[in-house]
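Fold and contact review
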Amino acid sequence: MCLAVPAKVLELRDDNMALVDISGTQREISLMVLDGDAAPGDFVLIHVGYAIEKIDEEEAARTLATFEELSMLDEQLPEGEDPLA
Amino acid sequence: MSVLHQFRDSTRAQAIIERIRGRNTGDISIMEFCGGHTVAIFRSGIRTVMPEHVHMLSGPGCPVCVTSNGDLDRAVALAKTPGVILTTYGDMLRVPGSRESLMQVRAQGYQVEIVYSTLDALKLAAAHPDREVVFFAIGFETTAPAAAAAVLQAQAKGVRNFSICSVMKLTIPGAKALLAMGEVKVDGVIGPGHVSSIIGSDAWRFLPEEYEIPVAISGFEPLDLLAATDAIMQMHEEKRPALVNSYSRVVRPEGNRKAWGAVERVFSLAEASWRGFGSIPESGLVLREEFSDFNADLRFDVTVEDSAEHPACRCGEVLRGVLTPPECSVFGTACTPESPLGPCMVSSEGSCAAYYHYQRQMA
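Values in this document were obtained by computation on a predicted structure and should not be read as measured data. Along every chain, residues carry numbers that run from 1 in the direction the sequence is written. Going through the entries in the order they are written, you letter the chains from A and number the ligands from 1. Where totals are concerned, whole chains, interfaces and linings use all residues; where local detail is concerned, this predicted model gives features only for residues with pLDDT of at least 70, and gives and counts side-chain atom pairs only at 80 or more.

**Remarks on the overall build of chain B**
What counts here: Working definition: helices are DSSP H or I runs of at least four residues, strands are E runs of at least two. Numbering for both runs from the N terminus. The size measure is the radius of gyration over C-alpha atoms, and the globule rule it meets is 2.2 Å times the number of residues to the 0.38 power. Working definition of burial: number of other C-beta atoms within 10 Å of the residue's own, with buried at 20 or more, exposed at 12 or fewer, and partly exposed in between, all C-beta atoms being placed from the backbone. Our contact criterion uses C-beta atoms placed from the backbone: two residues qualify when those atoms are within 7 Å.
When helices and strands are tallied, chain B shows 18 helices and 11 strands. Compactness check: chain B gives a C-alpha radius of gyration of 21 Å against a globular reference of 21 Å for 363 residues, within 12% of the reference. By principal-axis analysis of the C-alpha atoms, chain B measures approximately 65 × 45 × 40 Å. Buried positions account for 57% of the 363 residues belonging to chain B. Counting contacts in chain B only where the partners sit at least 6 residues apart, residues at least 24 apart contribute 77% of the total.

**A closer look at the overall build of chain A**
Broken down by element type, chain A carries two helices and five strands. Counting helices and strands in the order they occur from the N terminus, chain A gives β-β-β-β-β-α-α. Out of the 85 residues belonging to chain A, those deemed buried represent 36%. Taking all contacts inside chain A whose residues are at least 6 apart in sequence as the whole, residues at least 24 apart take part in 26%.

**A few points about unusual backbone geometry**
Located in the positive-phi region is Asn16(A), a residue other than glycine, with phi close to 60 degrees. Structurally, Asn16(A) can be placed in the loop between β1 (5–13) and β2 (17–22). By the C-beta count within 10 Å, which is 15 here, Asn16(A) ends up partly exposed. Despite not being glycine, Asp306(B) shows a phi value in the positive range, around 55 degrees. Owing to 8 C-beta atoms within 10 Å, Asp306(B) belongs among the exposed residues under this scheme.

**Description of the nonpolar core**
We count it as follows: The nonpolar core criterion groups buried Ala, Val, Leu, Ile, Met, Phe, Trp, Tyr and Cys residues into a set whenever they are joined through C-beta atoms within 7 Å.
In this structure, Tyr50(A) and Leu86(B) are the most contacted members of the largest nonpolar core, which totals 145 residues. It is helix α13 (residues 222–237) of chain B that contributes the most residues to this core, nine residues altogether. Non-local contacts of Leu86(B), meaning those with residues more than four positions away in its chain, are made with Ala75(B), Leu78(B), Ala79(B), Leu102(B), Gln111(B), Val112(B), Val134(B) and Phe136(B).

**Overview of the interface of chain B and chain A**
Our working rule: Gly is put with the polar residues, along with every residue not named as nonpolar or charged; the nonpolar set is Ala, Val, Leu, Ile, Met, Phe, Trp, Tyr, Cys and Pro, and the charged set is Asp, Glu, Lys and Arg.
Taken together, the contact between chain B and chain A spans 52 residues of the former and 33 residues of the latter. For the side of chain B that touches chain A, the element with the highest residue contribution is α13(B), accounting for six residues. Of the residues assigned to the side of chain B that touches chain A, the class counts are 29 nonpolar, 14 polar and nine charged.

**Some thoughts on helix α8 (residues 118–127) of chain B**
Our working definition: For this quantity, the arc is that covered by the directions from the helix axis to the C-beta atoms.
Listing the buried residues of α8(B) in full gives Thr118(B), Leu119(B), Ala121(B), Leu122(B) and Ala125(B). Buried residues in α8(B), looked at end-on, bunch into an arc of 160 degrees, giving them a common side. Close packing links the buried residues of α8(B) with β3 (25–30) of chain A together with β3 (84–88), β5 (132–137), α9 (144–157) and β6 (162–166) of chain B.

**A few points about the sheet that holds strand β4 (residues 111–114) of chain B**
Residue and element names in this part refer to chain B. In plain terms, the rule: When DSSP finds two or more bridges between a pair of strands, those strands are recorded as paired. As a rule, the C-alpha atoms of each element are fitted with a line to give its axis, helices using only the stretch in contact, and angles between N-to-C directions run from 0 to 180 degrees.
The sheet built from four strands is open, its strands ordered β4-β3-β5-β6 with parallel pairing. Taken across any chain shown, the strands that pair with only one partner, and hence form the sheet edges, are β4 and β6. In this sheet, neighbouring strand axes are inclined to one another by 25 degrees on average, regardless of whether the strands run parallel or antiparallel. One ladder, built from four bridges, connects β3 with β5; its direction is parallel. Note on β5: the bridge partner recorded for valine 84 is glutamate 132. Seen against the sheet, α8 touches β3, β4, β5 and β6 and runs at an angle of roughly 165 degrees to β5. The strands that α9 touches are β5 and β6; relative to β6, the one it contacts most, it runs at about 155 degrees.

**A few points about the environment of Ala7(A)**
All names here are of chain A. Relative to the helices and strands, alanine 7 is located in strand β1. Between the C-alpha atoms of alanine 7 and arginine 62, which are 55 residues apart in sequence, the distance is 20 Å. Beyond its immediate chain neighbours, meaning those up to four positions away, alanine 7 contacts Val20, Asp21, Ile22, Val44 and Ile46.

**Considerations on the sheet that holds strand β9 (residues 243–245) of chain B**
Residues and elements named next belong to chain B. Judged by pairing direction, the sheet is parallel, and its five strands sit side by side in the order β2-β1-β7-β8-β9 without closing on themselves. The open sheet is flanked by β2 (54–58) and β9, the only strands paired with a single partner. Across the sheet, the mean angle separating the axes of adjacent strands is 20 degrees when strand polarity is ignored. The strands touched by helix α3 (residues 35–43) are β1 (28–32), β2 and β7 (188–191); relative to β1, the strand with the most contacts, the crossing angle is about 120 degrees. Each of β1, β7, β8 (215–217) and β9 is contacted by α13, which is oriented at about 150 degrees to β7, the strand it contacts most.

**Some remarks on helix α2 (residues 10–22) of chain B**
All names here are of chain B. Basically, it comes down to this: Every helix has an expected span of 1.5 Å times one less than the residues it contains.
The terminal C-alpha atoms of α2 lie 18 Å apart, and with 13 residues this matches the ideal 18 Å at 1.5 Å per residue to within 8%. Within α2 the residues assigned to the buried category are Ala13, Ile16 and Ile20. Down the axis of α2, the buried side of the element spans an arc of 65 degrees, and every buried residue falls inside it. Exposed residues lying more than 90 degrees from the buried face of α2 are Thr11, Gln14, Glu18, Arg21 and Gly22.

**Overview of the packing of α9(B) against helix α14 (residues 257–266) of chain B**
Residues and elements named next belong to chain B. Using the following cut-off: An angle below 35 degrees is treated as roughly parallel, one above 145 as roughly antiparallel, one from 65 to 115 as roughly perpendicular, and anything else as oblique. For any helix crossing, the convention is left-handed if the near helix is rotated counterclockwise from the far helix by under a right angle, and right-handed if that rotation is clockwise.
Relative orientation of the contacting elements α9 and α14 amounts to 60 degrees, with a least axis distance of 8 Å. When the interaxial angle is binned, α9 and α14 end up oblique. Our pair here, α9 against α14, has a crossing hand that is left-handed. In this structure, α9 contributes Ala144, Pro145, Ala148, Ala149, Val151 and Leu152 to the contact, and α14 contributes Ala259, Ala262, Val263, Arg265 and Val266. Split into classes, the residues belonging to the contact of α9 with α14 amount to 10 nonpolar, no polar and one charged.

**Some words on the environment of Met17(A)**
All names here are of chain A. Within the secondary structure, methionine 17 is located in strand β2. Residue class for methionine 17 comes out partly exposed when judged on the 17 C-beta atoms lying within 10 Å of it. A sequence separation of 34 residues divides methionine 17 from alanine 51, and the C-alpha atoms of the two residues are 9.6 Å apart. If we ignore the near neighbours within four places in the chain, the residues touching methionine 17 are Glu28, Ile29, Ser30 and Leu31.

What follows is the structure, encoded as structure tokens:
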């Protein structure tokens, strides 16, 4: 139900709509609840016809890098830090 | 978008699996609160590579499944109201209500339409000005902005034949209700990725801070789920419960304030009825008074009596994580995806359907 799929913005349209490419299929979706602007070329996450978030590719690459050696926890909580502080 | 495909990379997955296998946690129960995760965990085979002492549990994360029969019966009654076209998301149609499903209602000649989006329901209302289009809104925080946006658009465009019957629910009161029941041991939580994209990862801080339960927000690819599981195990092992966001490419600490702002503008909190849990205070979203024109419950005089579950169906216990689907006596026999007795076997992300499609083959 909370399934959301990545899509590439192809074209901005009237009425806060956009044409996007979802794995090769083109579809018109709404940008009404997206926080911030989207431009052609951006990747957004689509849920029930609405873009709900932009996908941060740099952040994706950083996350992948942490998988190489560290765990997520080592990355986000440096040793000795009180996690509840 | 090659970087996103790398979240399925098997070499990296193997490295995380090795780390998980090396962790000295003892028996550990990890629960996800998202039906999408339930399916992703089964489909990716993650259950099959976990050490025996790691127990993966599913919580009340499937919106179709937690919808009570009383609420579903109301949708059935709305669908039978003269002039109404009832619209809803796909899985809901086949769920057996107390007496009949929406699919059976449709077979009697009433108009029940599956929509992919609230945008489609609005289009239907524009195309049929002589009919009343009612959207039966199920879903959690991820889905609520689409319902709010539809109401705001209907208001802005003066669409008068569109209304919503909201049975939408919030995941956090559901999670708290489950923990308060104390029936099931939860040592760690895989936090719902797309719910969190809306409400923010910070919304889950109460788990480590109030319950000392580690939580890792996760995406839906195998590496996301493995990394989240590993982070939970490490926090459990080191006895330092915290919040980890392993889905930071999508989820921000504060979430999507614009989307949640639209939800708060249109809806207010109310008591809601959850299958398996009963009533949970302030866990549901109902239309605010100023949007009464769009409230199907006020526009149509519908009463529902004597709602009941199928006597053999144990979906409620499955949703609370106290019963695994194969432990139910009708699982795979009287209750199958072709002929389901309860929603957990109907919904594509219900636990019973997931066990039926994936685990049964392995047994």
